[in-house]
Amino acid sequence: MSITRRECLRRAGLAASGFMLPRQAHPQQIARPVLDPDTLTPFVDPLPIPPVARQAGTRRSPHDATAQVPYYRLPLRQIETQVHRDLKPTRVWGIAGSSPGPTLETQKGAGMLVEWANELPGTHFLPIDHRLHGAEADKPGGRSIIHLHGGKVPPESDGYPEDWYAPGKSATYHYPNNQDAALLWYHDHTMGINRLNIFAGLLGLYIVRDPIEDALNLPRGKYEVPLVLYDRAFDPDGQLNYPVSPVPGEPWVPEFFGNAVLVNGKLLPYFEVEARKYRFRLLNGANGRFFHLSLSSGQEFQQIGTDQGLLPAPVPVPMLSIAPGERADAIVDFSGQAGAKIVVNNDSFRPVMQLRVVPPVAPDNSSLPKALRPVPRMAEAEAVKTRMLALGEINDLRGDSVTMLLNNTPWHAPITENPVLNSVEIWNLVNLTDDAHPIHLHLVRFQILDRRRFDTFAYQNRDTLRYTGAATSPEPHEAGWKDTVRADPGMITRIIVPFEGYAGRYVWHCHILEHEDNEMMRPYEVIAAR
Ligand code: C2O
Ligand code: CU
Ligand code: CU
């Protein structure tokens, strides 16, 4: 299979312009003085567990007038939170009083209604760049819209980025939950400021359960522990510190990396575990950081699930790799380790949290089955269409900043990806940049076919697709249903996607939030079959 870049641009409705330039160094970032977390005593705060959301009654189901469904009302508000014992309270934007917000829990097929009530202040406390599409100065500062990441949700409840609403308004969304057990998450998706709203704290977990998973007898209750990870930077007085570019009036920076990793909103917490099996459910909720987590004890994780639920079988991994937006589900057995203090490290050296193993209070009756849930591999022959979708970047006119684009096409251009409902497509993510981009599609789940190195120069300058390496299969821990995939630099990453659920308008984008806010996002439309 071979397709020229010109053809790819033609399909995107653009002439080949050849203006995708090689990458330049990122501009220097300017930040106020930043707190050094190494100056704080580690492991003095217990790990908080986000509260479970409390139902606020029932409402009539939107698609069945005779049925009632659970109803939740979750207000978004500015709150203060204690990130570390020795820091002053930090101003964040939370949901129903916490950040991460409360965890919504449901069973497969049990629909629910969630009213996301915007009670945020009218001004933002982080640096909005008014040049970005959708972030113009005439818009209210505290605007928001919440998206359920990984949810198979009708378009009117998906949180379309341009449908944000102002403080004082609310939106009630219907989540049918007709999907397999998985750890989903909700987060802000406001056009042009989503990186700032999530950084401010607007995110939380959403757990779908189902009978197949429940029957596996995995560790549950207090032995099933959510871990929401993201990095931040703080002022020395403990307030959130988001960097700005050196150019006055143009604060956007191409990526954010903070020196402080928070777990469930705490900096360097400790967690007491009994000497038995635990199930950890991890979310990478960072703006741009990839996590590579390992245990100082050298013990492996048994990874049992990924974005859209269980893997076919546990995969032993010495390191959990989680790109922004991705989730990992892992079992760790601490039996026989009472008294041990184990540090969870990121990138081998940076401590993230401490696990203190204490004797078990009761026998561990949970199991780690050898087989979890079948994930039949999709056949390429099922696909009715293959799309070539370039991940590129252009230098702006001054040449000291970059804009990342999907298929060389800005957000506001007409829709180019328009799969037919209930059809299967293969999307080839052609990464022309030097960065890995975690690419996420709303509504759907998909499988990774393979990744393959190719000649980016020939692709861009000679309109030729020339592979320079062999195709590699997804890693074993990626061989389940996904909704976010790492598109590695200089590689074509192929995914196979059944477009199921609903017709309508959704989005697909890079989950590095700085990229997403600056044009690395496109609408797509699922067309009703005729
Ligand atoms: Cu995590 Cu468009 O979403
Ligand atoms: Cu999403
Ligand atoms: Cu990106």
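Let me sum up the structure you'll find in this document. Quick caveat: nothing in here was measured; it's all calculated off a predicted structure. Residue positions are counted from 1 within each chain, in the order its sequence is given. Here every chain gets a letter starting at A, and every ligand a number starting at 1, in the order they are written. The predicted origin of the model limits local features to residues at a pLDDT of at least 70 and limits the giving and counting of side-chain atom pairs to 80 or more, whereas totals for whole chains, interfaces and linings rest on all residues. With hydrogens and water excluded, all non-hydrogen atoms of the structure serve as input to the side-chain values.

A short note on the pattern of salt bridges
Cut-off, in case you're wondering: In what follows, salt bridge is the name for a side-chain nitrogen of Lys or Arg lying within 4 Å of a carboxyl oxygen of Asp or Glu. Counting from the N terminus, the helices are DSSP H or I runs at least four residues long and the strands are E runs at least two residues long. Each residue is placed in one exposure class: buried if its accessible area under a 1.4 Å probe, protein chains only, is under 20% of its type's maximum, exposed if it is over 50%, and partly exposed if it falls in between.
Per the counting criterion, the structure on display carries 37 salt bridges. In this structure, Arg 131 and Glu 250 form a salt bridge, with 3.2 Å as the shortest nitrogen-oxygen distance. Remark: Glu 250 occurs in the loop between strand E10 (224–232) and strand E11 (260–263) and Arg 131 occurs in the loop between strand E5 (112–118) and strand E6 (146–149); sequence separation between them is 119 residues. Classification of Arg 131 by relative accessible area gives partly exposed; the value is 42%. Taking the shortest distance from any N to any O, the salt bridge between Arg 276 and Asp 364 comes out at 3.2 Å. Residue Arg 276 is found in the loop between strand E13 (270–274) and strand E14 (277–284), and its partner Asp 364 is found in the loop between strand E21 (350–358) and strand E22 (385–395); the two are separated by 88 residues along the sequence. The network of salt bridges with shared partners includes Glu 105, Arg 209, Glu 213, Glu 224, Arg 279, Arg 281 and Asp 329.

A look at the side chain of Asn 241
The condition is simple: Any pair of nitrogen or oxygen atoms within 3.5 Å is treated as a polar contact; in protein, a donor-acceptor pairing is required on top of that, and neighbouring residues in sequence qualify only through side-chain atoms on both sides.
Relative to the helices and strands, Asn 241 is located in the loop between E10 and E11. Among the polar contacts made by the side chain of Asn 241, one reaches the main-chain carbonyl oxygen of Pro 33 at a distance of 3.4 Å. Within the structure, the side chain of Asn 241 is placed 2.9 Å from the side chain of Asp 235, a separation counted as a polar contact.

Considerations on the coordination of the copper ion (ligand 3)
Going by this rule: Any N, O or S atom lying within 2.8 Å of the metal counts as a donor, and for Na, K and Ca the limit rises to 3.2 Å; water is left out, so some sites can look incomplete.
For the copper ion (ligand 3), the protein coordination sphere consists of His 437 (ND1), Cys 510 (SG) and His 515 (ND1), at 2.0 to 2.2 Å. Each donor residue of the copper ion (ligand 3) lies on one chain, and together they are spaced H-x72-C-x4-H. With a relative accessible area of 0%, His 515 lands in the buried category.

Comments concerning the coordination of the copper ion (ligand 2)
Each angle at a metal carrying four tetrahedral donors should ideally be 109.5 degrees, and each at a metal carrying six octahedral donors should ideally be 90 or 180 degrees. Surrounding the copper ion (ligand 2) are the protein donor atoms His 147 (NE2) and His 440 (NE2), at 1.9 Å. In this pair, His 147 sits in strand E6 while His 440 sits in strand E25 (residues 437–441), placing the two residues 293 residues apart along the sequence. Accessibility assignment for this pair places His 147 and His 440 in one class, buried.

As for the packing of aromatic side chains
Here a ring pair, both rings aromatic, is described through the centre-centre distance and the interplanar angle of the planes. We apply this condition: Only centres within 6.5 Å qualify two rings of Phe, Tyr or Trp (six-membered ring in Trp) as a pair; their planes then separate them into stacked at under 30 degrees, edge-to-face at over 60, and tilted for everything else. Throughout this description, the term charge over a ring refers to an Arg CZ or Lys NZ atom that lies within 6 Å of the ring centre and within 35 degrees of the ring normal.
On inspection of all chains with the given rule, the structure shows 19 aromatic pairs. The interplanar angle of 70° and the centroid separation of 5.6 Å between the aromatic rings of Trp 93 and Phe 125 together place this pair among those described as edge-to-face. Here Trp 93, found in strand E3 (residues 90–95), pairs with Phe 125, found in the loop between E5 and E6; they are 32 residues apart in sequence, far enough to count as distant. With respect to burial, Trp 93 and Phe 125 carry one shared label: buried. Cluster of aromatic residues (ring-pair linked, three or more members): Tyr 223, Phe 271, Tyr 278, Phe 280 and Phe 334. Positioned over the ring face of Phe 199 is Arg 232, at 4.7 Å from the centre of the ring. When the ring centre of Tyr 160 is taken as reference, the NZ or CZ atom of Arg 505 above it lies at 3.8 Å.

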